[in-house]
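# Breakdown of the fold
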Amino acid sequence: MLRIYDTRTRQVEDIPQARALRMYTCGPTVYRYAHVGNLRSYLLSDLIRRILERQRVRMVVCQNITDVGHLVDDAEVGEDKIVAQAREEGRSTLDIARFYEDAFRRDTAALNLRPPEHTPRATEAIDLMIELIAKLIEKGHAYTVPDGSVFFAAETFPSYGEISGNRLDALKPGHRVEGVDPRKRFHADWALWKHSHRELAWDTPWGGRGFPGWHVECSAMSLRYLGEHIDIHTGGIDLRFPHHEDERAQSDSAAGHEVVRRWVHGEHLLFDGRKMAKSTGNVVLLADVADEGLDPLAVRLAFMEHRYRHQMNLNWDTLRAADRTLRRWRARVAEWAESPSAPLDQTAVRQAEAAFDDDIDTPAALRVLRELERDESVAPGSKFESFLHLDHVLGLDLSSDIGRVRVLPAGAAELLEQRARARQECDWAAADRLRDDLAALGVKVADTPDGQTWT
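Reference entry: report on the structure contained in this document. (Residues numbered from 1 in each chain as written. Predicted model: local features only at pLDDT ≥ 70, side-chain atom pairs only at ≥ 80, totals over all residues. Heavy atoms only, no water.)

Okay, the overall build of the protein next. Of regular secondary structure, the protein possesses 14 helices and 16 strands. Taking the principal axes of the C-alpha coordinates as reference, the protein spans close to 80 × 55 × 35 Å. Considering only intrachain contacts with a sequence separation of at least 6, the fraction spanning at least 24 residues in the protein is 74%. Taken as a whole, the protein presents about 21,400 Å² of accessible surface, with 48% of it coming from carbon and sulfur. Positive and negative side-chain charges of the protein, numbering 61 and 74 respectively, have mean locations separated by a distance of 2 Å. (Helix = DSSP H or I, 4+ residues; strand = E, 2+ residues; numbered from the N terminus. Contact = heavy atoms within 4.5 Å. Areas by Shrake-Rupley, 256 points an atom, 1.4 Å probe, with all protein chains shown as cover. Lys, Arg positive; Asp, Glu negative; His and termini not counted. Charge placed at Lys NZ, Arg CZ, Asp CG, Glu CD.)

Turning our attention to helix 12 (residues 380-394). Structurally, the α-helix is built with 3.6 residues per turn, so residues lying three or four positions apart point the same way. A rise of 1.5 Å per residue sets the reference length of helix 12, with its 15 residues, at 21 Å; its end C-alpha atoms lie 20 Å apart and thus fit the reference within 8%. With 11 of 15 residues buried, helix 12 is to be regarded as a mostly interior element. Looking at the buried positions of helix 12, the neighbouring elements they touch are helix 1 (36-54), helix 8 (297-304), helix 9 (316-336), helix 10 (346-357) and helix 11 (362-374). Looking at the residues trailing helix 12, positive phi occurs at Gly 395, about 65 degrees. (Expected span 1.5 Å × (residues − 1). Buried < 20%, exposed > 50% of the residue type's maximum accessible area, 1.4 Å probe, protein only.)

So, on to the packing of aromatic side chains. Enumeration according to the criterion identifies 11 aromatic pairs in this entry. Plain terms: the ring middles of Tyr 143 and Phe 151 are 5.9 Å apart, the flat faces sit at 25 degrees to each other, and that makes the pair stacked. Side by side, Tyr 143 and Phe 151 carry an identical accessibility label, which is buried. Among the aromatic residues, ring-to-ring pairing joins Tyr 33, Phe 99 and Tyr 100 into one connected group. (Phe/Tyr/Trp six-rings, centres within 6.5 Å; stacked < 30°, edge-to-face > 60°.)

Looking now at the sheet that holds strand 5 (residues 142-144). Here 5 strands make up an open sheet; going across it, the order is 5-6-7-9-8 and the pairing antiparallel. A strand with exactly one partner marks an edge of an open sheet, and here the two such strands are strand 5 and strand 8 (202-203). Here strand 7 (residues 190-195) pairs with strand 9 (residues 209-212) via 3 bridges, running antiparallel. The residue bridging His 195 from the neighbouring strand is Gly 210, located in strand 9. Across the face of the sheet, helix 6 (residues 240-255) comes into contact with strand 6 (150-152) and strand 7 while running at roughly 85 degrees to strand 7. (Pairing = 2+ DSSP bridges. Axes fitted to C-alpha atoms, helices over the stretch in contact; angles between N-to-C directions.)

Of note, Ser 45 is situated in helix 1. A relative accessible area of 7% places Ser 45 in the buried class. In contact with Ser 45, not counting residues within four places along its chain, are Met 23, Thr 25 and Thr 234.

Attention now moves to the side chain of Asp 359. For Asp 359, the location among the structural elements is in the loop between helix 10 and helix 11. Among the polar contacts made by the side chain of Asp 359, one reaches the main-chain amide nitrogen of Tyr 5 at a distance of 3.0 Å. One polar contact links Asp 359 to Arg 309, side chain to side chain, over a distance of 2.6 Å. (Polar contact = N/O pair within 3.5 Å; in protein donor to acceptor, adjacent residues only side chain to side chain.)

Inspection of the secondary structure assignment puts Gly 281 in the loop between strand 13 (274-275) and helix 7 (286-291). Residue Gly 281 is classed as exposed on the basis of its relative accessible area of 66%.

Further remarks concern the sheet that holds strand 10 (residues 230-236). Strands sit in the order 4-3-10-11 across an open sheet of 4 strands; the sheet is parallel. The open sheet is flanked by strand 4 (58-63) and strand 11 (260-266), the only strands paired with a single partner. Neighbouring strand axes in the sheet, compared pairwise and without regard to direction, differ in orientation by 25 degrees on average. Pairing analysis gives 3 bridges linking strand 3 (residues 20-25) to strand 10, with the strands arranged parallel. The partner of Tyr 24 across the bridge, within strand 10, is His 233.

Our next topic: the nonpolar core. Among the nonpolar cores identified, the biggest contains 66 residues, and Val 36, Ile 48, Leu 52, Leu 314 and Ile 360 are the most heavily contacted of them. With 9 residues, helix 1 is the largest single contributor of residues to this core. Sequence-distant contacts of Leu 314, that is, excluding residues within four places in its chain, are made with Val 36, Leu 269, Leu 270, Phe 271, Asp 272, Ala 302, Phe 303 and Leu 319. Judged by nonpolar contacts, the second largest core, of 43 residues, contains Phe 152, Tyr 160, Leu 168 and Trp 206. (Core = buried A, V, L, I, M, F, W, Y, C linked by side-chain atoms within 4.5 Å.)

Our focus in this paragraph is the environment of Leu 168. Along the polypeptide, Leu 168 turns up in the loop between strand 6 and strand 7. For Leu 168, a relative accessible area of 14% translates into the label buried. Here the alpha-carbon distance between Leu 168 and Pro 158, two residues 10 residues apart in the chain, equals 8.1 Å. Residues within four places of Leu 168 in sequence aside, it is in contact with Ala 154, Glu 155, Phe 157, Tyr 160, Phe 186 and Ala 188.

Next up, the structure:
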């Protein structure tokens, strides 16, 4: 049984045993490329899904696409050159959103993230949001203002703050230049609907045109596609407040009961010790990883070397190390595939699966694989079966080298021999030069305790 840390209860809780479970994951806001820090939180929901499906649970997953709200309206937001060019070509905001949505789907596919059953776009669910807002107004949880905007009345939801710890009686007004919005009855109220005449705007029953607030999108879509009882809700730790607090207040107020059973959050990812941000110039995309000659699944492996709810500091050295491990394991699996079949190593498999169930302890599961790889008492056929069995959760495509014939480009074999001799003679300058010559031929060389290997 999977046990996982619930942010709301502040403790590790059992995921209820059932034939089917519903999970909602806050999806991307498609006005820019997703960087690897963003992608880490989507791996969390994928691992939850894979672990539970191995336990014969049918997962129904919904992940929204935010293509309205705080989206591109000018070239200063998002990827400047792409947005500016799109504007020059007369393309709409939705055209730009679709471009980044497609890019996001390519990235998640490259990371072996299983696609959700439902991926509703906000622009295609406006009626659902208007219906939910009208219900909240009717129940006294929301109020309209003269310009047609609608605000959630935060004080009507007494348990606000259970996820983040930010209680209403302790919240202070925001220190904005313009001060507290005078339209609000209480400074912590938030907008469910915003009056606007921008490109993406819709008419409402309460008058005026506008667009939905960010938080109401997830409430409306999760209630529509998963119903009023959702087993797991995931997202990055940065979404605890205000997004998930506001979402919980909206959904629970509309339903009249607690909608989400378990709130699960993944921690921040740093790169070279700093939070990824365009302003700091350290945003790393999955395409950048591929441009370095690394397998995108090396990112997935590097993520799993750390517990999902621990802050992680990624850098190029750790990515290269993960790439070497990934390629070595694939080569070993292909080698073991040539041996007679043998049963799973039950001890190793039980240890790894227990780690998965223990709040998704992927570092412990990976240690089991490393120990199994080195254990000479285990038959190669058993290692083969065990690695592939656990790869159903790890998602590293460890079988991809089976039956693949590795062919060196012309002249590369001689260069590899020369480099091996150079290393034996401790001629490191020659070895480095030969590494560069091989790279120019498309051959990547890695040095291991057992000698050089190539891909």
